[in-house]
Amino acid sequence: MPKKLLFIVNPRAGRTKSHGPLFDAAAIYSEAGYLLTIRNTRRRGDATRLVEQYGADYDLIVCHGGDGTLNETVNGLMRIPADRRPQVSYLPGGSTNDFAASLNISSDLAVAAQSAMRMRARMLDVGRFADRHFVYVASFGAFTRTSYSVPQDVKNVFGHFAYILEGVRDLDTLRPYRIRLTADGETFNDPDGYLFGAISNSTSIAGMMKLAPEDVQFDDGEFELLLVRVPKTPAQLQSLTRALLYAEYDDDQGLIFRHVRHVTAETEENIPWTLDGEFVPGAPRIDVSIEENGIQMLL
């Protein structure tokens, strides 16, 4: 019996509308012995619905799109019992592709497909945010809105530059976010608040902030928690900017960096979050946990 592959494609993602690279990737999967079923997404949530409904009947799920498409795919996978959960592969086609960059997945679809068909499976942790899952980051604060406020058509035309432009515009709205976070028993509750916070499993956040590769392990059962304090003087702002630029995570530089397994976020104000670049509403209390080896990805 041939192996079965469910190929989920977001036709709106990315800057190119050529189907040639997708045909090349499909041919590679077929030559590797897979029988393909190709389904296009048409609206938000389609990838989750398709994977949850049909995924257990397939040996491999491949998704093509941006980080949001991957997030939806993984949310569908996590609704399948672990003993029936198929492997997954990712053909990045978005504007920033943070997670693909972290895992060195090629933006050339044929190259990415060929690499996956070498069958080098890797277990990856998955984050749980209340009743939803995320692949690589849950974040709040400055620039968080950038990833979901840039219109898709603008992303397609300008790519990563669109995020930079929107981020610069966000400078006018910088403000402290007052939030109490408890991470593995350690509490962070700066009365001046934080400019930005991220609970991540990635070396790249929103295409704008970087974590050192040696600081991130994708299957160690831990997140990387990054909090950016509010600078009070020009000198503190200069130190903070340098620390972010050179990934110098020192509490004295206005940054808090920890490896953690569980985070509880509590706030009295309405703070919006993003999961893998997609908006989610805040809540007075949110628990964020990690599911070790949640998915098996072919890289």
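In every chain, residue numbers begin from 1 and rise along the written sequence. Per-residue local features of the predicted model are confined to residues with pLDDT of at least 70, and side-chain atom pairs are confined, for both listing and counting, to 80 or more; whole-chain, interface and lining totals are unaffected and use all residues. By convention in this description, side-chain values take in all heavy atoms of the structure and omit both hydrogens and water.

### Quick word on the sheet that holds strand 7 (residues 137-141)
Here comes step 1: In this scheme, strands are said to pair when DSSP sees at least two bridges between them. Secondary structure is summarised from DSSP: a helix means a run of H or I of at least four residues, a strand means a run of E of at least two, and numbering begins at the N terminus for each. With respect to topology, six strands assemble into an open sheet ordered 14-13-10-7-16-17, the strand pairing being antiparallel. The open sheet has two edge strands, strand 14 (255-260) and strand 17 (278-280), and neither has a second partner. On average, adjacent strands in this sheet sit at an angle of 20 degrees to one another, irrespective of strand direction.
Here comes step 2: Pairing geometry for strand 7 and strand 10 (residues 194-200), over five bridges, is antiparallel. Bridge assignment links Val-137 to a residue of strand 10, and that residue is Ser-200. Axes here mean lines fitted to C-alpha atoms, for a helix over just the part in contact, with angles spanning 0 to 180 degrees between N-to-C directions.

### Topic: the confidence of the model for the chain
Here comes step 1: What pLDDT conveys is the predictor's confidence in a given residue, as a value from 0 to 100. Per-residue pLDDT for the chain has a mean of 85; in total, 86% of the residues score no lower than 70.
Here comes step 2: The lowest-confidence element of the chain is helix 8 (residues 160-170), averaging 41 in pLDDT; the highest-confidence one is helix 2 (residues 46-54), averaging 98.
Here comes step 3: The contact definition used throughout considers only heavy atoms, calling two residues in contact when any of these lie within 4.5 Å. Note that residues 146-172 has pLDDT below 50 and, in this model, 50 contacts with residues that lie over four places away or in other chains.

### Side note on the nonpolar core
Here comes step 1: Think of a nonpolar core as a cluster: buried Ala, Val, Leu, Ile, Met, Phe, Trp, Tyr and Cys residues, connected wherever their side-chain atoms sit within 4.5 Å. When a residue's accessible area, from a 1.4 Å probe over protein chains only, is under 20% of the maximum for its type it is buried; when over 50% it is exposed; and in between it is partly exposed. Core analysis: the biggest nonpolar cluster contains 60 residues, and Phe-7, Tyr-29, Leu-91, Phe-99, Ile-295 and Met-297 have the highest contact counts within it.
Here comes step 2: Once residues lying within four places of it in the same chain are set aside, the contact partners of Tyr-29 are Leu-5, Phe-7, Tyr-34, Leu-36, Val-62, Ser-89, Leu-91, Ala-113 and Met-117.
Here comes step 3: Judged by nonpolar contacts, the second largest core, of 25 residues, contains Phe-134, Ile-256, Leu-275 and Ile-286.

### Topic: the packing of aromatic side chains
Here comes step 1: Only rings of Phe, Tyr and Trp enter the pairing, Trp through its six-membered ring, and a pair is recorded when the two centres are within 6.5 Å. The plane angle decides the type: under 30 degrees is stacked, over 60 is edge-to-face, the rest tilted. Throughout the structure, instances matching the rule amount to seven aromatic pairs.
Here comes step 2: Relative to Tyr-29, the ring of Phe-7 has its centre 5.8 Å away and its plane inclined at 90 degrees; by these criteria the two rings are edge-to-face. Linking Phe-7 in strand 1 (residues 3-9) with Tyr-29 in helix 1 (residues 20-31), this pair joins segments that are 22 residues apart in sequence.
Here comes step 3: Since its relative accessible area comes to 0%, Tyr-29 is described here as buried.
Here comes step 4: Each member of the aromatic cluster is reached from another via a ring pair, and the members are Phe-129, Phe-140, Tyr-177 and Trp-273.
Here comes step 5: Lys-4 extends its terminal NZ or CZ atom over the ring of Tyr-58, reaching a point 5.0 Å from the ring centre.
Here comes step 6: Directly above the aromatic system of Tyr-177 lies the positively charged group of Arg-175, at a separation of 4.1 Å from the ring centroid. Both a distance and an angle decide whether a charge sits over a ring: NZ of Lys or CZ of Arg must be within 6 Å of the ring centre and within 35 degrees of the ring normal.

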